[in-house]
Amino acid sequence: MKPYRRRTSTLSVRTLRRRGAQPKVVALGGGMGLSASLAALRRITGDLTAVVTVADDGGSSGRLREELGVLPPGDLRKALAALCGDDDWGQTWARVIQHRFQSQGEMHGHAVGNLLIVALWEQLGDPVQALDLVGRLLGAQGRVLPMSAVPLELRALVKGHDPARPDEVDTVRGQATVALTPGEVQSVHLVPNDPPAVPEAVAAVLDADWVVLGPGSWFSSVIPHLLVPELLDALVETRARRVLSLNLAPQPGETEGFSPQRHLEVLGRHAPKLALDVVLADEAAVPDVSAREPLVDAAKRLGAALELAPVARPDGAPKHDPELLAAAYDRIFRMHGRIGPWR
């Protein structure tokens, strides 16, 4: 990170807070994609809410979910860690809650933060109240909410899930399995089919200035938010502007071979009533006009303008750079948002 860029973004947040002019932003997603978005957004606003998918069924989260019947805490934990400050307190707690036990026994692989979150759920009996309490403990610069208060199962129709039957379509169950399928995902849905949304998540979307969707695993972290009816209705009805942040590259498994515009096409098929305002893509992912024009057209079909910016880490790793992504979001909010002070 360049020191000048870091000082500028910090000053921007302080100035916005002093003037009471920071935008209300809600970010939806899950896993490392949402974490990347939150790490960027907390640099430009202090009024930030994460709405997190709760369909994870793998690893520590899956084990806790199966044994205790709780929401999978893993993606919620990652979001809280991403919202921790850059001071010693924030970074210490970020490391603590992300720490995984290494052993030969049943504790192996469990994350400290997962156990802390589940313990507070059992103590308080309220997932939202418990997450708010963890956020206060960590000094999180924003709020983390589950998209639904019930554990969800992700199911997908996948063509060629069995390589021996490449033309057949199978139903694949479970987020972890869908994310790694060798076949072509046709569509996804949730079980139960009409899960209730967390009311605080719906209220946050309706009250936002900006809603950010993505980046992240497209079928298992991004699209599931559009399959919760109350949450989708809020996304359609909100007066907030909506920005979709595309991934840097196709994900091995569920989006193998996808072009940037195909990501938009499958999202549109799952939520045909949802309009967007801006689609953000890394400029290196669409380096020439021949690649750019189909993406521009796909964005227009969703009602959105295409914005290209360098948002990947300079070292070439397929990960978002939080400072560069923050600069891109800040520019979008200023160019496509309201004129003058927020609210």
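Residues numbered from 1 in each chain as written. Predicted model: local features only at pLDDT ≥ 70, side-chain atom pairs only at ≥ 80, totals over all residues. Heavy atoms only, no water.

What to know about the overall build of the protein
Then, number 1: Broken down by element type, the protein carries 14 helices and 10 strands.
Then, number 2: Its C-alpha radius of gyration of 19 Å places the protein within 12% of the 20 Å reference for a compact globule of 343 residues.
Then, number 3: Taken along its principal axes, the extent of the C-alpha atoms in the protein is 55 × 50 × 40 Å.
Then, number 4: Looking at the protein as a whole, 53% of its 343 residues qualify as buried.
Then, number 5: The long-range share in the protein, meaning contacts at least 24 apart out of those at least 6 apart in sequence, stands at 72%.
Then, number 6: Across the protein, 38 positive and 40 negative side-chain charges occur, with their mean positions spaced 8 Å apart. (Helix = DSSP H or I, 4+ residues; strand = E, 2+ residues; numbered from the N terminus. Rg over C-alpha atoms; globule rule 2.2 N^0.38 Å. Buried < 20%, exposed > 50% of the residue type's maximum accessible area, 1.4 Å probe, protein only. Contact = heavy atoms within 4.5 Å. Lys, Arg positive; Asp, Glu negative; His and termini not counted. Charge placed at Lys NZ, Arg CZ, Asp CG, Glu CD.)

Points about the sheet that holds strand 8 (residues 241–245)
Hydrogen bonding along the main chain pairs the strands of a sheet, whether they run parallel or antiparallel.
Then, number 1: Strands sit in the order 3-2-1-7-8-9-10 across an open sheet of seven strands; the sheet is parallel. Across the chains shown, the open sheet's two edge strands, defined by having one partner strand only, are strand 3 (143–146) and strand 10 (305–309). The sheet shows a mean angle of 20 degrees between the axes of neighbouring strands, taken without regard to direction.
Then, number 2: Here strand 7 (residues 210–213) runs beside strand 8; their pairing, made up of four bridges, is parallel. When the bridges of strand 8 are listed, Leu213 appears paired with Leu244. (Pairing = 2+ DSSP bridges. Axes fitted to C-alpha atoms, helices over the stretch in contact; angles between N-to-C directions.)

Quick notes on the side chain of His320
Then, number 1: Position of His320 relative to the elements: it lies in the loop between strand 10 and helix 14 (322–336).
Then, number 2: If we ignore the near neighbours within four places in the chain, the residues touching His320 are Ala36, Pro215, Leu246, Leu248, Val311, Ala312, Arg313 and Leu325.

Notes on the packing of aromatic side chains
Then, number 1: Under the criterion given, the structure shown has four aromatic pairs.
Then, number 2: Ring geometry for Trp89 and Trp93: centres 6.2 Å apart, planes at 55 degrees, overall tilted. Taken as a pair, Trp89 and Trp93 lie in helix 5 (residues 88–98) at a separation of four residues, close to a single helical turn. (Phe/Tyr/Trp six-rings, centres within 6.5 Å; stacked < 30°, edge-to-face > 60°.)

Considering the confidence of the model for the protein
Then, number 1: Chain-level statistics for the protein give a pLDDT mean of 88 and a share of 92% at 70 or above.
Then, number 2: The weakest mean pLDDT in the protein belongs to helix 1 (residues 3–19) at 39; the strongest belongs to strand 7 at 98.
Then, number 3: Ignoring residues within four places in sequence, the model shows residues 1–20, a span with pLDDT below 50, making 21 contacts including any to other chains.
Then, number 4: Contacts for the low-pLDDT stretch residues 339–343, under 50 throughout, to residues beyond four places or in other chains number 13 contacts. (pLDDT = per-residue confidence, 0-100.)

As for helix 12 (residues 260–270)
Then, number 1: Taken together, the buried positions of helix 12 are Gln261, His263, Leu264, Val266, Leu267, Gly268 and His270.
Then, number 2: Residues of helix 12 that are buried in the fold lie against strand 6 (184–191), strand 7, helix 10 (218–222), strand 8, strand 9 (278–282) and helix 13 (289–301).

Examining the sheet that holds strand 6
Then, number 1: Pairing is antiparallel across the open sheet formed by three strands, whose spatial order is 5-4-6. Taken across any chain shown, the strands that pair with only one partner, and hence form the sheet edges, are strand 5 (169–173) and strand 6. Each neighbouring strand pair of the sheet contributes to a mean axis angle of 25 degrees, computed without reference to strand direction.
Then, number 2: With five bridges connecting them, strand 4 (residues 153–159) and strand 5 associate as antiparallel partners. The residue of strand 5 that forms the bridge with Leu157 is Thr171.

Examining the pattern of salt bridges
Two side chains of opposite charge can pair, provided their charged atoms sit close to one another.
Then, number 1: Tallying each qualifying case throughout the model produces 14 salt bridges.
Then, number 2: The salt bridge involving Lys24 is made with Asp207; its shortest N-O contact spans 2.6 Å. Note that Lys24 is positioned in the loop between helix 1 and strand 1 (25–29) and Asp207 in helix 9 (residues 199–207), a separation of 183 residues in sequence.
Then, number 3: We classify Lys24 as partly exposed; its relative accessible area is 25%.
Then, number 4: The partner of Arg165 in a salt bridge is Glu168, with the nearest N and O atoms 2.5 Å apart.
Then, number 5: We classify Arg165 as partly exposed; its relative accessible area is 28%.
Then, number 6: Residue Glu168 is classed as partly exposed on the basis of its relative accessible area, which comes to 41%.
Then, number 7: Within the structure, one salt-bridge network assembled from shared partners comprises Asp162, Arg165, Glu168 and Asp170. (Salt bridge = Lys/Arg side-chain N within 4 Å of Asp/Glu carboxyl O.)

A short note on the pairing of strand 1
Then, number 1: Burial analysis of strand 1 places five of its five residues in the buried class, which makes it a mostly covered element.
Then, number 2: Side chains of strand 1 alternate between two faces, with Val25, Ala27 and Gly29 and Val26 and Leu28 buried alike.
Then, number 3: Handedness of the strand 1-helix 2 (residues 31–41)-strand 2 (residues 48–52) crossover: right-handed.
Then, number 4: Note: strand 1 against strand 7, four bridges, orientation parallel. The residue bridging Val26 from the neighbouring strand is Val211, located in strand 7. (Right-handed = clockwise from strand over helix to strand, strands pointing away.)

Let's talk about the side chain of Ser61
Then, number 1: Here Ser61 lies in helix 3 (residues 59–68).
Then, number 2: Using a relative accessible area of 3% as the deciding quantity, one classes Ser61 as buried.
Then, number 3: For Ser61, the residues in contact, after removing those within four places along its chain, are Asp56, Pro72, Pro73, Gly74 and Asn114.

Regarding the environment of Val128
Then, number 1: Secondary-structure assignment places Val128 in helix 7 (residues 127–138).
Then, number 2: For Val128, a relative accessible area of 6% gives the class buried.
Then, number 3: Each C-alpha atom of the pair Val128 and Val198 lies 8.5 Å from the other, and the pair is 70 residues apart in sequence.
Then, number 4: If we ignore the near neighbours within four places in the chain, the residues touching Val128 are Arg143, Leu145, Pro146, Val198 and Glu200.

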